[in-house]
Amino acid sequence: MQDLTNITLGQWLARWYEVYKKPYLTQSSLSNIEMTIRLHVSEQAKAMRIAEVTPLMLEEIIRAVEAPRMRQYTWQVLNSAFERAALFDIIPRNPMKFLLKVKHKQKVGSALTALEIKDFKRKIKRHPLRNLFEFYMYTGCRRSEALIIRKSDVDLSAGTLHIPGTKSATSNRVIPIFEPLRYVIARVIDNANPYLFDVTGDYVSRAFKALCPNHKLHDLRHTFATHCLQCGISMKVVQLWLGHSNFETTASIYTHVVDDFQRIEAGKLSWY
């Protein structure tokens, strides 16, 4: 193996990205890693020999990241890169092991209520993003997934829609084209673009927030899942439609929906 003992941190991060991440991750995940390295690891740190980078320096890098979720992600990226370097004896040990693990409790979104859905549909009736917003509600797509769906992913004869996953292998999935979704697709399928929708993610999020300030765009995904469960669709099927990698993820987010629904249904029971 090439002698890498004098490699700089920047050179190692570039090599780690190209060799150990690029062949195996989706473009969305790769973009997140590239952005993290570019924005949150200083040029001064990148110029240092990797063997000379200390836990204290790394702690300063982590602490400088303001957003809690990004701070956690930066910790994960650096830990993975240093762990690989230690595995190949480029450094004697992973200096990230001396840092406290960064934890971030992700806030679970909330589905729109029936009244909020009615109000939202009224607001978007003549909005330029109406079709896209309804597409999110009727598919449970993540923001980035809807924006890379091509016309070729739609099979109207089979009644199915292929959703190219952007998060993991299991997020690449096929779902039924539900009746309201069929109308949305019919309105956009004849556009000149090979993609169903031709807008940027940031624009979509800002437009949604202006219309629905008490929610975030991802809540349309929660709305889809919640409605499915309330209609009696099994959580296992909902897991597949959402593209979750395991059942536990779906259950941890949506068990309360099933519990609440069962309590309501139980109230209808009249004992003899």
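The coordinates are above.
Analysis parameters
- Residues numbered from 1 in each chain as written.
- Predicted model: local features only at pLDDT ≥ 70, side-chain atom pairs only at ≥ 80, totals over all residues.
- Heavy atoms only, no water.
- Helix = DSSP H or I, 4+ residues; strand = E, 2+ residues; numbered from the N terminus.
- Buried < 20%, exposed > 50% of the residue type's maximum accessible area, 1.4 Å probe, protein only.
- Contact = heavy atoms within 4.5 Å.
- Areas by Shrake-Rupley, 256 points an atom, 1.4 Å probe, with all protein chains shown as cover.
- Salt bridge = Lys/Arg side-chain N within 4 Å of Asp/Glu carboxyl O.
- Arc of directions from axis to C-beta.
- Pairing = 2+ DSSP bridges.
- Phe/Tyr/Trp six-rings, centres within 6.5 Å; stacked < 30°, edge-to-face > 60°.
- Lys NZ or Arg CZ within 6 Å of the ring centre and 35° of its normal.
- Axes fitted to C-alpha atoms, helices over the stretch in contact; angles between N-to-C directions.
- Parallel < 35°, antiparallel > 145°, perpendicular 65-115°, else oblique.
- Left-handed = near helix turned anticlockwise from the far one by under 90°.

**Some words on the overall build of the protein**
Looking only at helices and strands, the protein has 13 helices and three strands in total. Counting the 272 residues in the protein, one finds 40% classified as buried. Put simply, 61% of the contacts in the protein that link residues at least 6 apart link residues at least 24 apart. Surface accessibility of the protein: about 16000 Å² in total, with carbon and sulfur atoms responsible for 55%.

**Quick look at the pattern of salt bridges**
On inspection of all chains with the given rule, the structure shows 12 salt bridges. Note that Asp119 is salt-bridged to Arg122, the shortest N-O span being 2.5 Å. In this pair, Asp119 and Arg122 are both assigned in helix α6 (residues 114-123), three residues apart and thus about one turn of the helix distant. Look at Arg122 and you get exposed, because its relative accessible area is 56%. Between Asp119 and Lys123 there is a salt bridge whose closest N-O contact spans 3.4 Å. Of this pair, Asp119 and Lys123 both sit in helix α6, four residues apart, which is roughly one turn of that helix.

**Things to note about helix α4 (residues 55-63)**
Every buried residue belonging to α4 is among Leu58, Ile61 and Ile62, and all of these are buried. Down the axis of α4, the buried set is contained in an arc of 95°. They therefore lie on one face. Of the residues in α4, the exposed ones pointing more than 90 degrees away from the buried face are Leu56, Glu60 and Arg63.

**Quick notes on the sheet that holds strand β1 (residues 154-155)**
Pairing between the strands of a sheet comes from backbone hydrogen bonds, and it takes one of two forms, parallel or antiparallel. Pairing in this open sheet of three strands is antiparallel, and the strands run β1-β2-β3 from one edge to the other. Both edges of this open sheet fall to β1 and β3 (173-176), since each of them pairs with a single strand only. In this structure, β1 lies alongside strand β2 (residues 160-163), joined through two bridges in antiparallel fashion. Paired with Val154 across the bridge in β2 is Leu161.

**Points about the packing of aromatic side chains**
For the structure shown, the criterion picks out nine aromatic pairs. When the centroid spacing of 5.4 Å and the interplanar angle of 70° are considered together, the rings of Phe120 and Phe208 count as edge-to-face. Note that Phe120 is positioned in helix α6 and Phe208 in helix α10 (residues 201-211), a separation of 88 residues in sequence. Residue classification places Phe208 among the buried positions, given a relative accessible area of 0%. The residue whose ring lies beneath Arg84 is Tyr20, and the NZ or CZ to ring-centre distance is 4.4 Å.

**A closer look at the packing of α6 against helix α7 (residues 130-139)**
The contact between α6 and α7 brings their axes to 11 Å, and the two run at 150°. Between α6 and α7, the angle is such that the two are roughly antiparallel. Of the two possible hands of crossing, α6 and α7 adopt the one that is left-handed. Along the contact surface, α6 presents Ile117, Phe120 and Lys121, while α7 presents Phe133, Met137 and Tyr138.

**Side note on unusual backbone geometry**
Notably, Asp89 is not glycine yet its phi reads approximately 60°, a positive angle. The topology assignment puts Asp89 in the loop between α5 (68-87) and α6. By relative accessible area, which is 62% here, Asp89 ends up exposed.

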